[in-house]
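# Structural overview
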Amino acid sequence: MVKKLLPVFFIILCANASAQKIKIADSLRQIVIGARYHSGFIFAHSIHVKNTKGLKPEGFEFEYAYLKTDSATFKKFKCYPNLGVSFTFVDFNSRLLGKSYSASYFIEPNYKIGNNLKMNIRAAGGFSYLTSPHDTIKNPANQSYSGHINIFLQLGLGFSYPVSKHIDVYAMGNFFH
C-alpha cells in the first residue's frame, strides 16, 4: 500500500498549509495543517536486534498545529513555535517488525536564519500501536519490542522554506523511538 501511495506523499513532501484564524490581542493565530513523508533506516544498536539491520522503513505523518505568534511567546523563546498533535504511520517493510501507528503531541520551534529560510527543531512524545510484537511462539525473532502499545518519541532537526504565502517545504532529519 505504501508503495502505491509513495508518489502522492512525495508530491506533498512536507508541505504545510497555514491559514490565518482569529485576531488575538497582539497577533494573528495561525492554524497549521501538515503532511510529511518519512523514509529511513533502522539503527541496530545491539547484537539482539542485528536481524533488523538494513531494513528501510517508510511512512507518512499528518499534523494539526497552531503557530504561537504572540509577543510573550517570542520574548520567552526568541521564536514562534508550532504546537500540535500528529498521527504517524510507519511500515517497517518487514514481517518481523510489522507496522506502527502513532499519535503524539509536539513542539517545533522555528528560527529565522535568513529572509525566508527557517531552522526547525522538533520534539514529540506520545503512544504507538505496533502490529508484530515479540511472541515466543508467533514472532520469537522480534527482539525490538515486546508489546502492542509503546511510548513514541521523535526528535528532529531541519529547515523549511516558504514556496507561497500558505505552503512551506521541509527537509528534516528525524530520530524515532
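Structure report, in brief. (Residues numbered from 1 in each chain as written. Predicted model: local features only at pLDDT ≥ 70, side-chain atom pairs only at ≥ 80, totals over all residues. Heavy atoms only, no water.)

Here we come to the pairing of strand β7 (residues 118-130). Here strand β5 (residues 99-108) pairs with β7 via eight bridges, running antiparallel. Within β7, the position partnered with S102 by the bridge is S128. Two elements, strand β6 (residues 110-112) and β7, share three bridges in a ladder whose sense is antiparallel. By the bridge assignment, Y111 is partnered in β7 with M119. The antiparallel pairing of β6 with β7 creates a hairpin that spans five residues between the two strands. Here β7 pairs with strand β8 (residues 149-162) via 12 bridges, running antiparallel. Within β8, the residue paired with G126 across the bridge is F152. (Pairing = 2+ DSSP bridges. Helix = DSSP H or I, 4+ residues; strand = E, 2+ residues; numbered from the N terminus.)

Our focus in this paragraph is the pairing of β8. Looking down a regular strand, the side chains alternate between one sheet face and the other. Strand direction decides the pairing type here: β8 and strand β9 (residues 167-176), joined by nine bridges, are antiparallel. Following the sheet pairing, G156 is matched in β9 by N174. With antiparallel pairing between neighbouring strands as the criterion, β8 and β9 make up a hairpin whose turn holds four residues.

Reported here for the largest pocket is a volume of approximately 1,200 Å³. It is β9 that provides the largest number of residues to the lining of the largest pocket, a total of seven residues. For the lining of the largest pocket, a count of residues per class yields 20 nonpolar, 16 polar and two charged. (1 Å grid on protein atoms, 1.4 Å probe; cavity = no way out; pocket = protein on both sides within 12 Å on 5 of 7 lines; lining within 4 Å. Points joined across faces, edges and corners; volume = space filled by probe spheres on them. Nonpolar A, V, L, I, M, F, W, Y, C, P; charged D, E, K, R; others polar.)

So, about the pattern of salt bridges. For the structure shown, the criterion picks out seven salt bridges. D168 is the partner of K118 in a salt bridge, and the nearest nitrogen-oxygen pair spans 3.7 Å. Linking K118 in strand β7 with D168 in strand β9, this pair joins segments that are 50 residues apart in sequence. Given the relative accessible area of 14%, D168 is considered buried. One connected set of salt bridges, linked through shared partners, spans R36, E61, E63, E108 and R122. (Salt bridge = Lys/Arg side-chain N within 4 Å of Asp/Glu carboxyl O. Buried < 20%, exposed > 50% of the residue type's maximum accessible area, 1.4 Å probe, protein only.)

To continue, consider the environment of L97. Tracing the backbone through its elements, the reader meets L97 in the loop between β4 (82-91) and β5. Overall, L97 belongs to the buried group, its relative accessible area being 4%. C-alpha separation for the pair L97 and N142, spaced 45 residues apart in sequence, amounts to 6.7 Å. Among residues more than four places away in sequence, those in contact with L97 are I42, T52, L55, F92, T131, S132, N142, S144 and Y145. (Contact = heavy atoms within 4.5 Å.)

Assignment of secondary structure puts S100 in strand β5. Here S100 falls in the buried class, since its relative accessible area comes to 6%. Among the polar contacts listed, one links the side chain of S100 to the side chain of S102, at a separation of 3.3 Å. Contact partners of S100, with chain neighbours within four places excluded, come to T88, F89, V90, F92, S128, Y129 and L130. (Polar contact = N/O pair within 3.5 Å; in protein donor to acceptor, adjacent residues only side chain to side chain.)

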